[in-house]
Amino acid sequence: MAHFLTRVLKELCESFLRVLLLLIVVVFRSCQVFCLRVLRAERRKDVSGETVLITGASRGIGRCLALEFAKHGACTIILWGRDEEKLSSVKKEVEEIGKTVCHFYRCDVGDREQVYRTMQKVQENVGKITILVNNAGVVHGGALLETKDDNIEDTLRVNTLSHFWTTKSVLPSMLSNGRGHVVGIASTLGLFALPGVSDYVTSKFSVVGFYESLAAELRAQGRRDVGVTCVCPGHTTTDMFKDLTTQSFSLTPQQVAEQTVDAVKNNQRRVILPRIMHFTWILNSWLPGSWMRTVLYVTGAMKDMENFCAKR
Ligand SMILES: NC(=O)C1=CN([C@@H]2O[C@H](COP(=O)(O)OP(=O)(O)OC[C@H]3O[C@@H](n4cnc5c(N)ncnc54)[C@H](OP(=O)(O)O)[C@@H]3O)[C@@H](O)[C@H]2O)C=CC1
Ligand SMILES: CC1=C(/C=C/C(C)=C/C=C/C(C)=C/C=O)C(C)(C)CCC1
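In this text the structure is predicted, and so the values were computed from the model without any measurement. (Residues numbered from 1 in each chain as written. Chains lettered and ligands numbered in written order. Predicted model: local features only at pLDDT ≥ 70, side-chain atom pairs only at ≥ 80, totals over all residues. Heavy atoms only, no water.)

Quick word on the overall build of the chain
Selection rule: Strands here are runs of E lasting at least two residues and helices are runs of H or I lasting at least four, both read from the DSSP assignment and numbered beginning at the N terminus. The quantity called the radius of gyration is restricted to C-alpha atoms. Its globule counterpart is 2.2 Å times the number of residues to the power 0.38. The rule is simple: take the accessible area with a 1.4 Å probe, protein chains only, and divide by the maximum for that residue type; under 20% is buried, over 50% is exposed, in between is partly exposed. We call two residues in contact when some of their heavy atoms are within 4.5 Å. Here the accessible surface of atoms and residues is derived via Shrake-Rupley with a 1.4 Å probe, and residues count as covered only by protein chains that are part of the display. Two residue types count as positive, namely Lys and Arg, and two as negative, namely Asp and Glu; His and chain ends fall outside the count. Charge coordinates come from a single atom per side chain, which is NZ of Lys, CZ of Arg, CG of Asp or CD of Glu.
A count of helical and extended segments in the chain gives 10 helices and 7 strands. Its C-alpha atoms give the chain a radius of gyration of 21 Å, near enough to 20 Å, the size a compact globule of 312 residues would have. Across its three principal directions, the C-alpha atoms of the chain cover 75 × 50 × 35 Å. Residues counted as buried form 45% of the 312 residues belonging to the chain. Nonlocal contacts in the chain, meaning residues at least 24 apart in sequence, comprise 73% of its contacts between residues at least 6 apart. Only carbon and sulfur atoms are counted for the fraction: they give 57% of the accessible area of the chain, which is about 16,400 Å². Treating the 39 positive side-chain charges of the chain as one cloud and the 31 negative ones as another, the clouds have centres 5 Å apart.

This is the structure:
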């Protein structure tokens, strides 16, 4: 009994100290972000002369990203996807906005050779890419033991490996021109897990790791001329998670697109949306696992994902 009480007391003290430290970090970080915003206001990147390639641009967040870059005056936009009819209609929408020239290419980003071939074609026909947005993604869903091996491989190929192939194709020209930006659309499920989508969660944790590594490599080489942004949105109202019952704190694809373009202009390293999700990340990485589990049960998030998987 005494042993148990000592353990509980120790855990409580530890949690209290962590929360205290956390508050200090939050205050310090807020001041830092405020100062950086003020300083960066002068140095916001102008995207008007840029050639932007967006994967998964036939619908959802990718489509909104294309329209948002066009609104900000991007000079050329290249759309990638597999559904040519939808890509062609997004191309029309983009060109209606103004002066942006838009092209689309059919490419399955889960196929490495196709990515390399299509990227070569794009660079020969259109020119060098200055902003790459890795957005394409899939979700299959299901408990680990019920998930088909093929689906697991597909998720990792489309959601994670594709970022390697596209980035390896455009980085050399970005480095030699001394100008470029690589953006990855990850997810809050790259910061904490919900049950029933282990392949998706794994792919998104890996994507977050990929952008951390890319930024670290570029920093180590002293290359501040090539920016890196990793965006972690929470549930967004597109086709992908339409069976998820939760609508609390859901984002629209338009909001994700606006925040992403803003982050590119500010050269922001990581974006977590909506802002409340910063707390889930802090909870998950700083406090004992039971805290996060409690939040998930209390908010009903755990049940939402179970319902989503049951419908698939
Ligand atoms: N919806 C959400 O709640 C959230 C989504 N995200 C992430 O945002 C990104 C966009 O998702 P969202 O817009 O919601 O999803 P949608 O399902 O609406 O769109 C997915 C896009 O990816 C493309 N795509 C899928 N597989 C491939 C493939 N093999 N090759 C090429 N393109 C492919 C699709 O194009 P086509 O069918 O033409 O091939 C489509 O344009 C994804 O990475 C997703 O993981 C992140 C957080 C939350
Ligand atoms: C954890 C958590 C929540 C739910 C989060 C959910 C349900 C996220 C879903 C993300 C998805 C589907 C990402 C796709 O890539 C709430 C209720 C906002 C409250 C705060 C804690």
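Points about the sheet that holds strand E4 (residues 131-134)
Using the following cut-off: Strands pair, by our definition, only if DSSP identifies at least two bridges between them. Helix axes are fitted only over the stretch in contact, all axes being lines through C-alpha atoms; the angle between N-to-C directions runs from 0 to 180 degrees.
With respect to topology, 7 strands assemble into an open sheet ordered E3-E2-E1-E4-E5-E6-E7, the strand pairing being parallel. Only two strands of the sheet have a single partner each, and these edge strands are strand E3 (101-106) and strand E7 (270-273). The average angle at which neighbouring strand axes cross in this sheet is 15 degrees, direction not considered. Sitting on the sheet, helix H7 (residues 253-265) touches E4, strand E5 (180-185), strand E6 (226-233) and E7, and the angle it makes with E5 is about 150 degrees.

Some thoughts on the site of ligand 1
Here is the rule we go by: A cutoff of 4 Å decides nearness: a residue is near a molecule or strand if any of its heavy atoms lies inside that distance of it. Side-chain atoms alone can form a polar contact between residues adjacent in sequence; in general such a contact is a pair of N or O atoms within 3.5 Å, and within protein one must be able to donate a hydrogen while the other accepts it.
Near ligand 1, the surroundings consist of 30 residues, among which Arg 82, Asn 135, Tyr 200, Thr 236 and Thr 238 are the closest. Contacts to ligand 1 include Arg 82, whose side-chain N or O atom sits 2.6 Å from an oxygen atom. Within the contact set of ligand 1, a nitrogen atom lies 2.8 Å away from a side-chain nitrogen or oxygen of Asp 108. Against a free-state accessible area of 880 Å², the protein chains account for coverage of 96% of ligand 1. Of all the elements in the fold, those that place two or more residues in the shell around ligand 1 are helix H2 (60-71) and helix H6 (198-220).

Let's talk about the pairing of E6
In plain terms, the rule: A right-handed crossover is one whose linking path, passing over the helix from the first strand to the second, runs clockwise when the strands point away from the viewer.
Extensive coverage of E6 is indicated by the burial of 8 of its 8 residues. Alternating residues of E6 divide into Val 226, Val 228, Cys 230 and Cys 232 and Gly 227, Thr 229, Val 231 and Pro 233, and every residue in both groups is buried. Here E5 runs beside E6; their pairing, made up of 6 bridges, is parallel. Within E6, the residue paired with Val 183 across the bridge is Thr 229. In this fold, E5 hands off to H6, which returns the chain to E6; that crossover is right-handed. As paired elements, E6 and E7 share 4 bridges and run parallel to each other. When the sheet's bridge partners are listed, Pro 233 is paired in E7 with Leu 273.

Describing the pattern of salt bridges
Think of it this way: side chains of opposite charge can pair up when their charged atoms draw near. Put simply, the test is: One speaks of a salt bridge when a side-chain nitrogen belonging to Lys or Arg is within 4 Å of a carboxyl oxygen belonging to Asp or Glu.
Tallied over the full model, the rule gives 11 salt bridges. Among the ionic pairs, Asp 83 bridges to Lys 86, the shortest N-O distance being 3.6 Å. Salt bridges sharing partners connect three or more residues here, namely Glu 212, Arg 269 and Arg 270.

Let's talk about the packing of aromatic side chains
The test is simple: Each Phe, Tyr or Trp ring, with Trp reduced to its six-membered ring, pairs with another whose centre is within 6.5 Å; inter-plane angles below 30 degrees give stacked pairs, above 60 give edge-to-face pairs, and intermediate values give tilted ones.
Following the criterion strictly, the structure yields 5 aromatic pairs and no others. Ring geometry for Tyr 116 versus Trp 165: centroids 6.3 Å apart, planes at 70 degrees, classification edge-to-face. Separated by 49 residues along the polypeptide, Tyr 116 in helix H4 (residues 112-125) and Trp 165 in helix H5 (residues 149-177) bring together distant segments of the chain. The exposure class of Trp 165 is buried, given its relative accessible area of 17%.

What about the site of ligand 2?
Quick note on the threshold: Three classes are used, and their members are as follows: Ala, Val, Leu, Ile, Met, Phe, Trp, Tyr, Cys and Pro are nonpolar, Asp, Glu, Lys and Arg are charged, and the others, Gly among them, are polar.
Near ligand 2 lie 18 residues; those nearest to it are Ser 187, Tyr 200, Phe 241, Phe 249 and Leu 296. Ser 187 is positioned such that a nitrogen or oxygen atom in its side chain is 2.6 Å from an oxygen atom of ligand 2. Within the residue set of the shell around ligand 2, elements represented by two or more residues are helix H8 (277-286) and helix H9 (289-299). Here the shell around ligand 2 gets 3 residues from one element, more than from any other, and that element is H9. Here the residues of the shell around ligand 2 are counted per class, giving 11 nonpolar, 7 polar and no charged.

Focus: the environment of Phe 205
Considering the arrangement of structural elements, one finds Phe 205 in helix H6. A sequence separation of 89 residues divides Phe 205 from Thr 294, and the C-alpha atoms of the two residues are 22 Å apart. Beyond its immediate chain neighbours, meaning those up to four positions away, Phe 205 contacts Leu 189, Gly 190, Leu 191, Phe 192 and Ala 193.

Examining a nonpolar patch on the surface
The cut-off we apply is this: Each patch is built from residues lacking any salt bridge and having more than 30% relative accessible area; the joining distance is 9 Å for like charges and 5 Å for nonpolar side chains (Val, Leu, Ile, Met, Phe, Trp, Tyr).
A cluster of nonpolar residues, Phe 16, Leu 17, Leu 20, Leu 21, Ile 24 and Val 25, forms a patch on the protein surface that exposes about 590 Å² of accessible area. Locating Ile 24 in the fold gives a position in helix H1 (residues 2-40).

Side note on H5
Quick note on the threshold: Multiplying 1.5 Å by the residue count of a helix minus one yields the expected span of that helix. Here the bend at a residue is taken as the angle between two axes, fitted respectively to the seven residues that end there and the seven that start there.
For H5, which comprises 29 residues, the first-to-last C-alpha distance of 41 Å matches the rise-based estimate of 42 Å (1.5 Å per residue) to within 8%. At Leu 161, H5 is deflected by roughly 45 degrees, the largest bend along its length.

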